[in-house]
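Here's the letter readout for the chains.
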Amino acid sequence: MLTKIRLGISSCLLGEKVRYDGGQKLDHFITETLGKFVEFVPVCPEVECGLGIPREAMHLAAAPDGPRLVTVRTGVDHTERMRAWAQKRVVELEQEDLCGFIFKSDSPSSGMERVKIYSGKGMADKTGVGLFAREFMQHFPLLPVEEEGRLNDPGLRENFLERLFSLKRWRDTLALGAKPGHLVDFHTRHKLLIMSHSPKHYERIGKLVAQIKGISLPEIYEQYESQLMEALRLKTTIKKNVNVLLHVMGYFKKNLLPAEKEELLEIIDEYRKDYIPLIVPITLLNHYVRKYEQSYLKDQYYLHPHPIELKLRNHV
């Protein structure tokens, strides 16, 4: 049983009344559904850098040296104050063993993309990144990050949480100590999951693990983590999933009865045509794994990458 994942989050998404107007932005999926499996580490950049509640609203303003964080009505510039705090805060967060972060969308401090940058003419371009979010992502380039608004998209939610749970399993493997057997075991269980995100990374990482006796363990562990998170950042597609489903089916070529094989091929084809969600062929394959006692597939995280209560593959 996994211990709870430590997840950084914008405080307002937990219902904390820290917004400029004294309000909050409680997100029920995050707190009630995902909250069963994670331990939140809340961060509010504006409050933690010393600004009060309530406070004057701020936005990003265009400037020659990059966007500035200024108050909307009086034009007070808080850029340097925020940057100095953020640089210190990300160093502190190194001690929190975070596996990811959920940012508040559209925030001039915490938005991870498409934040409005205002010009002097009152026009706005949605090309900005919040000052704290930018500092965090630069400091922790491998950590999964997302915004609460984007988590309403089933594909983006699936991708983020798959990375989150995979990174936690990797951290748990690291805690066992750097040994060749631990790395090989982790990779063996994640092979098909990696393949579903990136066949190229699947081949590349496989070659890396095959060289385990020729590279120092700390170096190969570092390379593996980087390649793993780079692979999982790429989104799965129906085409890539069909490739993996057929690959899994190959493990049953000596087991499946003709009618079972026909049914499985029909189900995979219906998924390929986008008539049914991924959970349908996955459920059938898991049935055959148990029926025919396929020990290798039983341990494959592709077939159960995250808790079933999250209902992620019901929609993708």
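Coordinates for the structure precede this section.
Figured I'd write up the structure that's included with this text. Predicted model only: the values in this text are computed from it and were never measured. (Residues numbered from 1 in each chain as written. Predicted model: local features only at pLDDT ≥ 70, side-chain atom pairs only at ≥ 80, totals over all residues. Heavy atoms only, no water.)

## What to know about the sheet that holds strand β2 (residues 38-43)
Strand order in the open sheet formed by 4 strands is β2-β1-β5-β8, and the pairing between neighbours is parallel. Only two strands of the sheet have a single partner each, and these edge strands are β2 and β8 (145-147). Averaged over all adjacent pairs, the angle separating strand axes in this sheet is 25°, with direction ignored. In terms of strand pairing, strand β1 (residues 5-10) meets β2 through 6 bridges, oriented parallel. When the bridges of β2 are listed, I5 appears paired with V38. (Pairing = 2+ DSSP bridges. Helix = DSSP H or I, 4+ residues; strand = E, 2+ residues; numbered from the N terminus. Axes fitted to C-alpha atoms, helices over the stretch in contact; angles between N-to-C directions.)

## Thoughts on the pattern of salt bridges
As enumerated under the stated definition, the model contains 20 salt bridges in all. Of the charged contacts, one joins E113 and R150 as a salt bridge, the two residues approaching to 3.0 Å between their closest N and O atoms. Taken together, the residues E113 in the loop between β5 (101-103) and β6 (115-118) and R150 in the loop between β8 and α5 (154-175) connect sequence positions 37 residues apart. A cluster of three or more residues bridged by salt bridges with shared partners is formed by D65, R68, D77, E80 and R83. (Salt bridge = Lys/Arg side-chain N within 4 Å of Asp/Glu carboxyl O.)

## Observations concerning the nonpolar core
Counting 87 residues, the largest nonpolar core has I102, F132, F136, Y224 and Y302 as the members making the most contacts within it. In terms of residue count, the dominant contributor to this core is helix α8 (residues 217-233) (7 residues). When residues no more than four places from it in sequence are discounted, the contact partners of F132 are V43, P45, W85, A86, R89, V90, L93, F101, F103, S109 and S110. (Core = buried A, V, L, I, M, F, W, Y, C linked by side-chain atoms within 4.5 Å. Buried < 20%, exposed > 50% of the residue type's maximum accessible area, 1.4 Å probe, protein only. Contact = heavy atoms within 4.5 Å.)

## Re the sheet that holds β6
The strand order across the open sheet built from 4 strands is β4-β3-β6-β7, with neighbouring strands paired in mixed fashion. Here the strands that pair on one side only, and so sit at the sheet edges, are β4 (68-71) and β7 (124-128). For this sheet the average axis-to-axis angle between neighbouring strands, irrespective of direction, equals 55°. Alignment of β6 against β7, held across 4 bridges, turns out to be antiparallel. Residue pairing across strands places V115 opposite G128, the latter belonging to β7.

## Quick look at the side chain of H306
Structurally, H306 can be placed in the segment after α12 (295-298). According to the relative accessible area criterion, H306 is buried, its value standing at 11%. Within polar-contact distance, the side chain of H306 engages the side chain of E158 at 3.3 Å. Excluding its chain neighbours within four sequence positions, the residues that come into contact with H306 are E158, E162, F165, L312 and R313. (Polar contact = N/O pair within 3.5 Å; in protein donor to acceptor, adjacent residues only side chain to side chain.)

## Details of the state of the cysteines
Applying the stated criterion across every chain, the model contains 0 disulfides. Free of any disulfide, C12 has its nearest cysteine sulfur in C44, 6.9 Å distant. We classify C12 as buried; its relative accessible area is 7%. (Disulfide = S-S within 2.5 Å.)

## What to know about the packing of helix α6 (residues 180-197) against α8
In the contact formed by α6 and α8, the axes pass within 11 Å of each other and the chain directions differ by 20°. Classed by the angle they form, the pair α6 and α8 counts as roughly parallel. The handedness of the crossing between α6 and α8 is left-handed. Residues P180, H182, L183, F186, H187, L193, I194 and H197 of α6 pack against L217, I220, Y221, Y224, L228, A231 and L232 of α8. A class-by-class count of the residues in the contact of α6 with α8 yields 12 nonpolar, 3 polar and no charged. (Parallel < 35°, antiparallel > 145°, perpendicular 65-115°, else oblique. Left-handed = near helix turned anticlockwise from the far one by under 90°. Nonpolar A, V, L, I, M, F, W, Y, C, P; charged D, E, K, R; others polar.)

## Remarks on the packing of aromatic side chains
Counting across every chain of the model gives 17 aromatic pairs. Seen from their ring centres, W85 and F132 are 5.3 Å apart, and the 50° between their planes marks the pair as tilted. Here the residue W85 occupies a position in helix α3 (residues 79-93), and F132 occupies one in helix α4 (residues 131-139), the gap between them amounting to 47 residues. When sorted by exposure, W85 lands in the same class as F132, which is buried. Between F132 and F136 the ring centres are 6.1 Å apart and the planes differ by 55°, which places this aromatic pair in the tilted class. Separated by 4 residues within a single helix, F132 and F136 lie in helix α4, roughly one turn from each other. Accessibility expressed as a relative area gives 1% for F132, which makes it buried. Judged by its relative accessible area of 0%, F136 is buried. By the ring-pair criterion, three or more aromatic residues cluster together here, those being W85, F101, F103, F132, F136 and F140. Of note, R157 hangs over the ring of F29, and the distance from its end group to the ring centre comes to 5.2 Å. (Phe/Tyr/Trp six-rings, centres within 6.5 Å; stacked < 30°, edge-to-face > 60°. Lys NZ or Arg CZ within 6 Å of the ring centre and 35° of its normal.)

## Some points on α8
Residues separated by three or four positions in an α-helix point in the same direction, a consequence of the helix having 3.6 residues per turn. With 17 residues, α8 extends 24 Å between its outermost C-alpha atoms, agreeing within 8% with the 24 Å of an ideal straight helix rising 1.5 Å per residue. Looking at α8, one finds that the buried residues are I220, Y221, Y224, E225, Q227, L228, M229, A231 and L232. (Expected span 1.5 Å × (residues − 1).)

## A few points about a negative patch on the surface
A surface patch of like charges, here negative, comprises E262, E263, E266 and E270. Tracing the sequence through the fold places E266 in helix α10 (residues 258-272). (Patch = residues over 30% accessible without salt bridge, like charges linked within 9 Å, V, L, I, M, F, W, Y side chains within 5 Å. Areas by Shrake-Rupley, 256 points an atom, 1.4 Å probe, with all protein chains shown as cover. Lys, Arg positive; Asp, Glu negative; His and termini not counted. Charge placed at Lys NZ, Arg CZ, Asp CG, Glu CD.)

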